[in-house]
Amino acid sequence: MINERAIAYFSMEIALHNGIPTYSGGLGILAGDMLKSAADLNVPMVAVTLLHEKGYFHQQLDENGNQLEQAVSWDPRKYLEPLPGTVNVEMEGRSVKIRAWKYELHGSRGFTIPVYFLDTNLGDNDPQDRSLTGQLYGGDARYRLCQEIILGIGGIRMLREMGHHAIKKYHMNEGHAGLAVLELLNEAHRQLNKPETDPETIESVRRQCVFTTHTPVAAGHDRFAPDLVRNILGEQEIIRLNGFHEGQNFDITRLALNLSGYINGVSRKHGNVARSMFPEYPVQSITNGVHSVTWTSEPFQKLYDIFLPGWRQDSFALRHALNIPKEAVWAAHLESKQVLLDLVNQNEKAGMDVPVFTIGFARRAALYKRADLLFHDIARLKKIATEVGPLQVIYAGKAHPQDREAKAIITKIFHSRRALKNHIKVIYLSNYDMEMGRLITAGVDLWLNNPVSPLEASGTSGMKACHNGVPQLSILDGWWAEGHMEGVTGWAIAQDGQPPAEGDDRNRDAAYLYHKLENVIIPMFYRDREKYINIMKHCIALNASFFNTQRMVQEYVTNAYLAL
Ligand SMILES: *Cc1c(COP(=O)(O)O)cnc(C)c1O
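Residues numbered from 1 in each chain as written. Predicted model: local features only at pLDDT ≥ 70, side-chain atom pairs only at ≥ 80, totals over all residues. Heavy atoms only, no water.

Engineer: When you look at the sheet that holds strand E6 (residues 94–106) in this model, what are you seeing that I'm missing?
Structural biologist: The strands making up a sheet associate through backbone hydrogen bonding, with each pair oriented either parallel or antiparallel. One open sheet accounts for 9 strands, arranged E5-E6-E7-E2-E1-E8-E9-E13-E14; its pairing is mixed. Only two strands of the sheet have a single neighbouring strand rather than two, namely strand E5 (81–91) and strand E14 (283–285). The average undirected angle you get between the axes of adjacent strands in this sheet is 25 degrees. Pairing analysis gives 8 bridges linking E6 to strand E7 (residues 112–119), with the strands arranged antiparallel. Residue Lys102 lies in a different strand from E7, and its bridge partner there is Tyr116. Contacting strand E13 (262–265) and E14, helix H10 (residues 268–277) crosses the sheet at an angle of about 170 degrees to E14. (Pairing = 2+ DSSP bridges. Helix = DSSP H or I, 4+ residues; strand = E, 2+ residues; numbered from the N terminus. Axes fitted to C-alpha atoms, helices over the stretch in contact; angles between N-to-C directions. Contact = heavy atoms within 4.5 Å.)

So, in structure tokens, the structure goes:
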């Protein structure tokens with residue numbers, strides 16, 4: 001039974017390939033990396049997402065750092081195969097027809113995982129419905145709810161249409177996919193001919209569902225006004241009956257929590273945070289990872305092929321990185337750095353030099369990530385660059401089109417850049433995407449991450465850096481609370497020997513940041529290179545060998561998929 005799939009994975013965004021721009025950030029990258037590792041490990045999964053034929057958006061930045069957004073056009077035909085079958089969902093009393101495009105994800109041992117991209121842009125549909133699978137995170141609450149109905153309800157129906165009748169587990173990646181449980185309840189109701197509220201029916205659905213929550217930020221949890229839900233979905237009894245309301249609004253996260261037998265956060269610390277957010281639920285944790293081969297630069301791939309044979313099939317082989325000669329590590333690093341600086345110098349006329357200590361910061365420009373913290377005290381930073389050693393900084397990241405505060409962070413960075421002119425070169429690359437992510441995480445000397453603790457559920461770009469021997473300086477939040485060993489795998493933005501501090505105290509966190517740069521990291525980089533390279537090797541051996549999606553998928557299989 002070649003088509004027999006036991007686990008269905010639902011995600012609003014999945015980043016599989018740089019040419020398929022259907023992701024906005026970490027959530028989508030994680031989904032793509034997870035599926036790649038599942039394919040490598042022959043885990044019988046199938047995945048569902050939306051086509052997003054206008055992508056997220058293309059980012060342009062003017063000379064002041066104002067973000068201009070353009071629609072992306074990409075040709076699904078280039079990567080995906082349109083499939084003949086269709087299914088329907090009811091919305092606002094209309095029947096909306098959905099078709100699917102298939103992407104075949106090939107694992108390292110030849111196993112394939114089908115990924116279905118759902119599409120409502122069909123001639124039979126009402127014009128307003130044709131655009132529903134157009135834009136990722138575009139539009140208003142109505143548009144979002146319609147997308148979630150297509151993903152959750154339409155997704156389950158599409159799986160049946162494609163002949164997947166043996167699925168044992170439905171994994172909802174974040175609340176966007178939560179409505180899948182509604183359709184599972186409806187199915188059970190139709191098949192068993194029992195009321196939706198029958199405890200056995202609910203329990204049978206719960207045994208099949210896995211839910212991963214990804215953010216402690218309130219805006220990351222969808223809530224919809226009851227009238228909106230009623231208008232779009234109709235008087236669905238289940239919505240009223242199961243008491244999934246949180247206050248007034250219809251809470252998709254709660255729906256998923258109530259009907260999932262396994263619930264997890266995405267790092268140990270985030271598990272604790274999620275348990276305090278949802279104390280009635282048994283929230284576990286599985287720490288995120290990245291797909292090792294995808295996020296390792298070519299020079300490091302070659303190095304690992306020589307010194308760590310088998311690493312492409314088995315990320316745990318990376319633990320032997322301590323055996324790689326330091327000269328070889330440094331040479332691979334310089335090659336990766338040269339590739340990045342060539343790009344920056346050509347495209348941005350940045351005039352950056354390879355010997356100069358280079359800091360990288362690239363991620364969504366969300367407020368809590370505080371991309372501008374490095375420039376909290378411009379005079380202090382200038383002094384460090386003049387007295388301790390020269391430095392340069394490379395930024396990238398998109399702000400959500402409706403997030404004015406996030407956009408202001410980018411203009412602030414451009415402003416600081418002007419203030420630092422002649423002292424520190426700062427560059428902000430526009431249109432951050434997977435390919436750029438690969439280059440930046442491999443090509444800098446230090447990866448910086450300074451979110452407001454405890455809002456970074458995991459973070460994954462630092463794990464990409466580890467795969468390329470790039471150490472980090474980071475707030476002890478998310479995965480770094482697990483991956484950090486001071487002076488061994490990198491450095492904490494914290495007071496050594498004290499419990500990690502929480503909250504948005506910029507004076508405090510900037511002081512720690514400058515202290516580490518000034519007294520520990522930059523001096524070591526310029527004056528004790530051997531020690532620096534030793535830390536680089538420990539990043540690979542201790543962190544890349546663990547913070548990868550091979551280990552992560554194995555945990556999902558044993559703790560979530562097979563355990564219920
Ligand atoms: C890895 C990656 C992210 C996620 O970065 P975080 O540090 O986890 O926020 C976002 N966007 C792109 C393009 C990436 O490659």
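This is not the end of the story, as more comes after the structure.
Engineer: Help me out: how do you make sense of the packing of aromatic side chains in this one?
Structural biologist: Here the distance between the centres and the angle between the planes together describe a pair of aromatic rings. A full pass over the atoms with the stated rule returns 17 aromatic pairs. Ring geometry for Trp330 against Phe525: centres 6.1 Å apart, planes inclined by 55 degrees, an arrangement best described as tilted. Of this pair, Trp330 sits in helix H12 (residues 326–348) while Phe525 sits in helix H18 (residues 506–527), placing them 195 residues apart in sequence. Summarising the burial analysis for this pair, Trp330 and Phe525 share the class buried. Of the aromatic side chains, those joined through ring pairs into one cluster are Trp330, Phe357, Trp491, Phe525, Tyr526 and Tyr532. The lysine or arginine in question, Arg417, covers the ring of Phe414, its NZ or CZ lying 5.5 Å from the ring centre. Of note, Lys464 hangs over the ring of Trp295, and the distance from its end group to the ring centre comes to 4.0 Å. (Phe/Tyr/Trp six-rings, centres within 6.5 Å; stacked < 30°, edge-to-face > 60°. Buried < 20%, exposed > 50% of the residue type's maximum accessible area, 1.4 Å probe, protein only. Lys NZ or Arg CZ within 6 Å of the ring centre and 35° of its normal.)

Engineer: I'm lost on the pairing of strand E2 (residues 45–50) in this one. Help?
Structural biologist: Each regular strand displays side chains that alternate between the two surfaces of the sheet. For E2, the tally of buried residues reaches 6 of 6 residues, placing the bulk of the element in the interior. Sheet topology note: the strand E1 (residues 7–11)/E2 ladder contains 4 bridges and is parallel. Within the sheet, the bridge partner assigned to Ile7 lies in E2 and is Met45. You can see the chain leave E1, run along helix H1 (residues 26–40) and come back into E2, and the turn it takes is right-handed. (Right-handed = clockwise from strand over helix to strand, strands pointing away.)

Engineer: Can you help me understand the environment of Leu439 in this one?
Structural biologist: Counting through the fold element by element, Leu439 comes out in helix H15 (residues 434–443). Since its relative accessible area comes to 22%, Leu439 is described here as partly exposed. In the structure, Leu439 is positioned 98 residues away from Leu341 in sequence and 9.4 Å away in space, judged by C-alpha atoms. Other than its neighbours up to four places away in sequence, Leu439 contacts Val339, Leu340 and Leu343.

Engineer: Explain the site of the ligand here, please?
Structural biologist: Of all residues adjacent to the ligand, which total 13 residues, the nearest are Arg363, Lys369, Thr460, Ser461 and Lys464. Between the ligand and Arg363 there is a distance of 3.3 Å, counted from an oxygen atom to a side-chain nitrogen or oxygen. Protein burial of the ligand: of its 390 Å² of free accessible surface, 96% is covered by the chains. Residue assignment for the shell around the ligand shows that the elements contributing at least two residues are H1 and helix H16 (461–467). When we break the shell around the ligand down by domain, the ones giving at least three residues each are domain 1 (2–58 + 67–289 + 552–561) and domain 2 (292–547). (Near = heavy atom within 4 Å. Polar contact = N/O pair within 3.5 Å; in protein donor to acceptor, adjacent residues only side chain to side chain. Areas by Shrake-Rupley, 256 points an atom, 1.4 Å probe, with all protein chains shown as cover. Domains from an automatic or database assignment.)

Engineer: I'm lost on H18 in this one. Help?
Structural biologist: Residues three or four positions apart in an α-helix share a direction because the helix packs 3.6 residues into each turn. Between its terminal C-alpha atoms H18 stretches 30 Å, which fits the 32 Å expected from 22 residues at 1.5 Å a residue. Within H18, the axis deviates most sharply at Leu517, by approximately 45 degrees. Taking the backbone nitrogen of Asn507 as reference, a side-chain oxygen 3.3 Å away marks Asp505 as the first, capping residue of H18. (Expected span 1.5 Å × (residues − 1). Bend = angle between axes of the 7 residues up to and from the residue.)

Engineer: Got a minute to help me understand the nonpolar core in this structure?
Structural biologist: As a rule of thumb, nonpolar side chains are buried together in soluble globular proteins. Counting residues in hydrophobic clusters, the biggest one holds 75 residues, and the most contacted among them are Phe357, Tyr395 and Leu517. Ranked by residue count, the leading element in this core is H18, at 9 residues. Two domains each donate at least three residues to this core, and these are domain 1 (2–58 + 67–289 + 552–561) and domain 2 (292–547). When near neighbours in sequence (up to four residues on either side) are disregarded, Phe357 contacts Pro390, Leu391, Gln392, Asp445, Leu446, Leu517, Ile521, Ile522, Phe525, Tyr526 and Tyr532. (Core = buried A, V, L, I, M, F, W, Y, C linked by side-chain atoms within 4.5 Å.)

Engineer: What should I look at first to understand the domain arrangement of the chain in this one?
Structural biologist: Frequently, the measure chosen for interface size is the accessible area removed from exposure when the parts meet. When the domains of the chain are assigned, the result is domain 1 (2–58 + 67–289 + 552–561) and domain 2 (292–547). A separation of 32 Å is found between the C-alpha centroids of domain 1 and domain 2. Facing 33 residues of domain 1, the contacting portion of domain 2 comprises 35 residues. Both sides together, the interface formed by domain 1 and domain 2 hides about 2,600 Å², and carbon and sulfur atoms give 55% of it. On the domain 1 side of the contact with domain 2, Asn18, Gln67 and Lys269 bury the most area, a combined 21% of that side's loss. Taken together, the connections running from domain 1 to domain 2 amount to 4 salt bridges. (Buried area = accessible area lost by both parts, 1.4 Å probe. Salt bridge = Lys/Arg side-chain N within 4 Å of Asp/Glu carboxyl O.)

Engineer: Is there a simple way to think about the packing of helix H4 (residues 141–161) against helix H7 (residues 226–233) in this case?
Structural biologist: Between two packed helices, both the angle of their axes relative to each other and the distance between the axes serve to describe the pair. Where H4 contacts H7, the axes come no closer than 11 Å and their chain directions differ by 50 degrees. Overall, the two elements H4 and H7 adopt an arrangement that is oblique. Viewed along their axes, H4 and H7 form a crossing whose handedness is right-handed. Between H4, through Ala141, Arg142, Leu145, Cys146, Ile149 and Ile153, and H7, the contact on the second element is made entirely by Leu228, Val229, Ile232 and Leu233. Class assignment of the residues belonging to the contact of H4 with H7 gives a composition of 9 nonpolar, no polar and 1 charged. (Parallel < 35°, antiparallel > 145°, perpendicular 65-115°, else oblique. Left-handed = near helix turned anticlockwise from the far one by under 90°. Nonpolar A, V, L, I, M, F, W, Y, C, P; charged D, E, K, R; others polar.)

Engineer: Looking at this structure, I do not really get empty space enclosed by the protein. What am I missing?
Structural biologist: Any empty space left between atoms is shown by rolling a water-sized probe over those atoms. This model, assessed by the stated rule, comprises 3 cavities of 30 Å³ or more. Roughly 80 Å³ of volume is contained in the largest cavity. In this structure, the largest cavity is lined by Ser37, Asp40, Leu41, Val290, His291, Ser292, Val293, Arg312, Gln313, Ser315, Thr549 and Gln550. Elements with a minimum of two residues in the lining of the largest cavity: H1 and helix H20 (549–561). Residue classes in the lining of the largest cavity are distributed as 3 nonpolar, 7 polar and 2 charged. Counting contributing residues, the lining of the largest cavity receives three or more from each of domain 1 (2–58 + 67–289 + 552–561) and domain 2 (292–547). In this structure, the second largest cavity occupies an estimated 50 Å³ of space. As for the second largest cavity, its lining consists of Ile475, Leu476, Ile493, Ala494, Pro500, Ala501, Arg508, Asp509 and Tyr512. Residue composition of the lining of the second largest cavity, by class: 7 nonpolar, no polar and 2 charged. (1 Å grid on protein atoms, 1.4 Å probe; cavity = no way out; pocket = protein on both sides within 12 Å on 5 of 7 lines; lining within 4 Å. Points joined across faces, edges and corners; volume = space filled by probe spheres on them.)

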